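# Commentary on secondary and tertiary structure
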Amino acid sequence: MLFKLVSRAHLRPLSHQTKKVLLRSHPMASSLTNDRSFFRIGHAFYSEKLQFKNYSSSDGNTTTLSFSTTFVFAIAVSVNTTYLPGHGLSFFLSPLRELPGASSSQHLGLFNSTNNGDPKNHVVAVELDTFQNLEFGDINNNHVGIDINSLQSVESAPAMYFTRTKNGELISRNLSLISGEPMQVWIEYDGLQKQLNVTIAPINIPKPDVALLSLSKDLTPIILDSMYVGFASSTGRLVTYHYILGWSFKINGKAQDLDFSKLPKLPKPPKKKLPKMLTIGLPIVVSISALIMIYGIVSIVRRKQKFAELVEDWELNYGTTPHRFTYKDLYKATKGFREKELIGKGGFGRVYRGVLPTSKIEVAVKRVSHDSKQGIREFITEIISLGQLRHRNLVQLLGYCRRKGELLLVYDFMPNGSLDKFLFGSRLDSLSSRLNWSQRFRIIKGVASGLLYLHEEWDQLVIHRDVKASNVLLDGEMNARLSDFGLARLYDHGTDNPQTTKVVGTLGYLAPELTRTGKGTTSTDVYAFGAFLLEVACGRRPTSSPEEDVSLVGWVLSCWRRGAVLKTSDPSLGSEYVAEEMELVLKLGLLCSHNVPKARPTMRQVMQYLNGDAALLQTDLWSLDTSDTTSLVSSENLQDFAPSYPVDMAYTSLSPVESLLSGPR
């Protein structure tokens with residue numbers, strides 16, 4: 001049978017092929033969707049039900065009859081929607097003509113979200129889908145599928161057809177369903193073989209001898225005695241035009257061929273006229289766009305200036321250790337160096353907490369100003385050298401960034417801050433924040449291990465020159481990390497350390513010989529470490545003691561001489577400490593604080609004592625009997641002394657260049 005359109009939703013058979021048939025499913029057509037709205041559906045049915053079942057009087061069985069149909073269709077997209085088309089169309093068999101509740105968009109005018117997949121639908125459809133819906137398992141946005149009661153196709157394939165070369169080789173050729181070009185579809189069901197075949201090709205190509213889809217399935221349970229046949233299509237947010245130019249259908253036989261010469265011409269999709277408002281407003285829009293573009297260019301230039309960095313050729317010779325960060329990354333990490341992220345400040349810089357945008361690593365960023373290039377090359381060289389230090393008890397310098405007039409240093413972030421805050425700060429008000437003896441002893445050994453690495457185990461000799469509790473930071477597991485290399489000096493092993501011009505350090509940690517020689521040595525670091533030992537064990541600063549005008553080391557020495565050295569332990573510990581370890585730390589603190597440099601142990605010997613690899617003998621302490629601990633730094637020797645007392649627990653030292661190397665607090 002051939003068909004013509006006699007109303008919006010009904011088709012009537014034609015006895016001759018001379019009449020033309022055109023079904024359109026788009027907002028501009030009156031046949032299926034007759035307005036300009038989106039999300040519309042279109043249906044075209046044959047007006048009468050067709051009988052699809054054959055009853056056998058001999059055995060009483062019912063079988064589905066064979067049927068065949070062919071039609072020519074075209075799908076065109078609206079203007080300016082080529083790259084994102086709407087939805088497709090389908091040929092279907094249904095027990096109902098109205099398809100109540102059918103939804104637009106991805107449901108193709110067949111089902112809705114409630115009845116999709118319901119076996120009571122009794123719908124068999126072949127979809128020509130131009131939109132990929134992952135919820136239905138669509139393979140792409142240009143496919144042909146066989147649907148049974150559901151839009152999740154039981155069989156599907158990309159739109160294509162097969163042809164043979166001269167030597168008989170089978171090759172495939174792709175089709176674009178939304179090309180706007182007419183194409184022909186053949187759908188054939190063999191009731192005996194229970195085989196459903198679907199074939200597609202351009203109208204100028206004979207029917208291929210190999211079907212695109214072939215489904216072996218008995219449709220008897222799906223197809224009822226009588227069914228309607230027709231087409232359904234839908235649009236979504238974008239306008240798509242669906243055309244049926246000719247259709248032939250037959251039960252128990254081959255559908256009649258279509259005469260392409262008698263098919264209607266495919267109309268062109270209507271073009272929208274520009275509204276008058278757009279014509280009037282276009283010059284205004286262009287002007288505004290130009291202003292926005294100029295503003296954007298200015299913003300980009302300002303942004304580049306905001307994140308501009310300074311890199312000189314000589315810096316490139318040092319490789320990638322330490323890493324050079326971009327200012328933009330550090331700006332983002334610290335949220336624009338907000339005051340809320342400020343964790344410390346001093347005479348030459350401010351320290352901010354930050355999270356690197358890519359790695360999400362928490363860091364401390366020290367931001368320092370420098371007004372000239374004087375000494376900056378030597379300083380960068382020293383930064384690069386110290387950036388190669390690798391030890392579990394040293395705060396790691398991760399990298400730096402340099403801008404005009406500004407330098408930024410990036411360190412590991414230590415979440416628990418500095419040790420002195422636990423020893424002397426307000427945290428002591430909370431018992432949960434108090435350091436027990438086991439933690440203190442582990443911290444002492446960690447700092448000793450870090451100093452040993454600086455003195456003997458790295459490629460160069462590093463004199464720290466400012467060992468004290470406020471320069472010991474604690475990581476998340478309360479492990480000690482020695483920081484603040486602002487006063488540190490690097491020397492080659494085996495060379496005589498040059499004399500510095502000024503005494504630098506912190507009162508209470510300064511070895512007596514510094515006021516005479518001004519020369520920092522490993523022995524002066526050991527002296528400061530001795531003061532640090534007493535500071536941790538006694539819970540007192542090196543310049544304070546219960547006795548008036550007596551330093552901490554003098555008070556501990558006095559108690560040791562009276563045989564009561566354990567009475568100097570931190571009162572907050574009570575008796576909760578290991579007496580042997582406490583006594584060892586106190587005696588070792590005295591020995592390291594000896595006024596005579598040669599009487600002090602090396603850091604390697606200190607580690608041996610702390611680890612129990614060597615015993616601190618009584619003979620080692622005899623020299624303390626004659627030690628004059630009161631001969632510390634006298635006022636007449638302090639004319640050239642530059643103290644490194646912390647300002648708000650932050651960064652102060654001798655000079656800007658020295659300060660820059662200080663680690664985070």
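Keep in mind that what you see is a predicted model, and the values were worked out from it rather than measured.

For the rest of this paragraph, the subject is the overall build of the protein chain. In terms of regular secondary structure, the protein chain is built from twelve helices and 31 strands. In the protein chain, 66% of the contacts between residues at least 6 apart in sequence involve partners at least 24 apart. By element, 52% of the accessible surface of the protein chain is carried by carbon and sulfur atoms, the whole surface being about 31800 Å².

For helix α9 (residues 579–592), built from 14 residues, the straight-helix expectation of 20 Å at 1.5 Å per residue is met to within 8% by its first-to-last C-alpha distance of 20 Å. Counting buried positions over the 14 residues of α9 gives ten, a clear majority of the element. When we look at burial in α9, the residues that qualify are Met582, Leu584, Val585, Leu586, Lys587, Leu588, Gly589, Leu590, Leu591 and Cys592.

Here we take up the UniProt feature "binding site: ATP" (unreviewed entry) in the protein chain. Taking the numbering used here, the UniProt-annotated feature "binding site: ATP" (unreviewed entry) corresponds to Lys366. Assignment of secondary structure puts Lys366 in strand β23 (residues 362–369). On the basis of relative accessibility, which here comes to 1%, the residue Lys366 falls in the buried class.

With six of its seven residues buried, strand β24 (residues 397–403) lies for the most part within the structure. Judged from the two bridges that link them, strand β20 (residues 323–324) and β24 form a sheet pairing that is parallel. Each bridged residue has a counterpart across the sheet, and for His323 the counterpart in β24 is Gly399. Sheet analysis places β24 next to strand β25 (residues 406–412), joined by six bridges and oriented antiparallel. Residue pairing across strands places Gly399 opposite Val410, the latter belonging to β25. In textbook terms, the turn of a hairpin is the stretch between consecutive antiparallel strands, and for β24 and β25 this stretch comprises two residues, one of which, Gly405, has a positive phi near 80 degrees.

Glancing now at the pattern of salt bridges. Under the criterion given, the structure shown has 17 salt bridges. Among the ionic pairs, Arg353 bridges to Glu362, the shortest N-O distance being 2.6 Å. Given the relative accessible area of 27%, Arg353 is considered partly exposed. As a salt-bridge pair, Glu583 and Lys587 come within 2.6 Å of each other at their nearest N and O atoms. Of this pair, Glu583 and Lys587 both sit in helix α9, four residues apart, which is roughly one turn of that helix. Overall, Glu583 belongs to the partly exposed group, its relative accessible area being 29%. According to the relative accessible area criterion, Lys587 is buried, its value standing at 14%. Through salt bridges with shared partners, a single network forms among Lys335, Glu341, Arg353 and Glu362.

Taking 1.5 Å as the rise per residue, helix α5 (residues 437–457) with 21 residues should run 30 Å; its terminal C-alpha atoms sit 28 Å apart, in good agreement. Taking the backbone nitrogen of Ser438 as reference, a side-chain oxygen 3.1 Å away marks Asn436 as the first, capping residue of α5.

Within the fold, Asp475 resides in the loop between β27 (472–474) and β28 (480–482). A polar contact of 2.9 Å, which involves the side chain of Asp475, links it to the backbone nitrogen of Glu477. When near neighbours in sequence (up to four residues on either side) are disregarded, Asp475 contacts Met414, Pro415, Asn416 and Arg481.

Taken N-terminus to C-terminus, the directions of α9 and helix α10 (residues 603–611) make an angle of 165 degrees; their axes are 11 Å apart at the nearest point. Judged on the interaxial angle alone, α10 and α9 are roughly antiparallel. In this structure, α9 meets α10 at a crossing whose hand is right-handed. Packed against α9, whose contacting residues are Leu584, Leu588 and Cys592, the element α10 presents Val606, Tyr609 and Leu610 at the interface. Of the residues belonging to the contact of α9 with α10, the class tally is six nonpolar, no polar and no charged.

With that settled, the discussion passes to the packing of helix α8 (residues 552–561) against α9. At a closest axis distance of 10 Å, the pairing of α8 and α9 adopts a crossing angle of 120 degrees. Regarding the angle of α8 to α9, the classification is oblique. Note that α8 runs across α9; the crossing there is left-handed. Touching Val553, Val556, Leu557 and Trp560 of α8 are Leu586, Lys587 and Leu590, all from α9. Grouping the amino acids of the contact of α8 with α9 by side-chain chemistry returns six nonpolar, no polar and one charged.

Here we come to the packing of aromatic side chains. Where two aromatic rings form a pair, the distance of their centres and the angle of their planes describe that pair. On inspection of all chains with the given rule, the structure shows 19 aromatic pairs. Both rings, one in Phe45 and one in Phe92, keep their centres 5.3 Å apart while their planes meet at 80 degrees; by these two values the pair is edge-to-face. Note that Phe45 is positioned in strand β4 (residues 41–46) and Phe92 in strand β9 (residues 89–94), a separation of 47 residues in sequence. Accessibility expressed as a relative area gives 2% for Phe45, which makes it buried. An aromatic cluster of at least three residues, connected via ring pairs, comprises Phe52, Phe67, Phe71, Phe73, Phe91, Tyr189, Phe231, Trp247 and Phe249. Looking at Arg367, its charged tip hangs above the ring of Phe337, at a distance of 4.1 Å from the centre.

Moving on: the nonpolar core. Of all hydrophobic cores here, the largest spans 64 residues; its most connected members are Leu419, Ile443, Leu454, Phe529, Phe532 and Val556. Of all the secondary-structure elements, those providing two or more residues to this core are α4 (419–424), α5, β27, β28, α7 (522–538), α8, α9 and α10. Three or more residues apiece are contributed to this core by two domains, here domain 2 (321–413) and domain 3 (417–626). Once residues within four sequence positions are removed from consideration, Ile443 is found in contact with Leu419, Leu435, Val472, Leu474, Met478, Ala480 and Phe532.

Turning to the pairing of strand β18 (residues 226–234), a few remarks are in order. Counting buried residues in β18 gives eight out of nine residues, a clear majority hidden from the surface. As paired elements, β4 and β18 share five bridges and run antiparallel to each other. Bridged to Ala44 within β18 is Phe231. As judged from the two bridges shared by strand β5 (residues 50–51) and β18, these two strands associate in the antiparallel manner. Counted as the bridge partner of Gln51 is Ser226 from β18. As judged from the six bridges shared by β9 and β18, these two strands associate in the antiparallel manner. The residue of β18 that forms the bridge with Ser90 is Ala232.

Parameters and conventions
- Residues numbered from 1 in each chain as written.
- Predicted model: local features only at pLDDT ≥ 70, side-chain atom pairs only at ≥ 80, totals over all residues.
- Heavy atoms only, no water.
- Helix = DSSP H or I, 4+ residues; strand = E, 2+ residues; numbered from the N terminus.
- Contact = heavy atoms within 4.5 Å.
- Areas by Shrake-Rupley, 256 points an atom, 1.4 Å probe, with all protein chains shown as cover.
- Expected span 1.5 Å × (residues − 1).
- Buried < 20%, exposed > 50% of the residue type's maximum accessible area, 1.4 Å probe, protein only.
- UniProt positions renumbered as here; feature names shortened; annotations may be inferred.
- Pairing = 2+ DSSP bridges.
- Salt bridge = Lys/Arg side-chain N within 4 Å of Asp/Glu carboxyl O.
- Polar contact = N/O pair within 3.5 Å; in protein donor to acceptor, adjacent residues only side chain to side chain.
- Axes fitted to C-alpha atoms, helices over the stretch in contact; angles between N-to-C directions.
- Parallel < 35°, antiparallel > 145°, perpendicular 65-115°, else oblique.
- Left-handed = near helix turned anticlockwise from the far one by under 90°.
- Nonpolar A, V, L, I, M, F, W, Y, C, P; charged D, E, K, R; others polar.
- Phe/Tyr/Trp six-rings, centres within 6.5 Å; stacked < 30°, edge-to-face > 60°.
- Lys NZ or Arg CZ within 6 Å of the ring centre and 35° of its normal.
- Core = buried A, V, L, I, M, F, W, Y, C linked by side-chain atoms within 4.5 Å.
- Domains from an automatic or database assignment.

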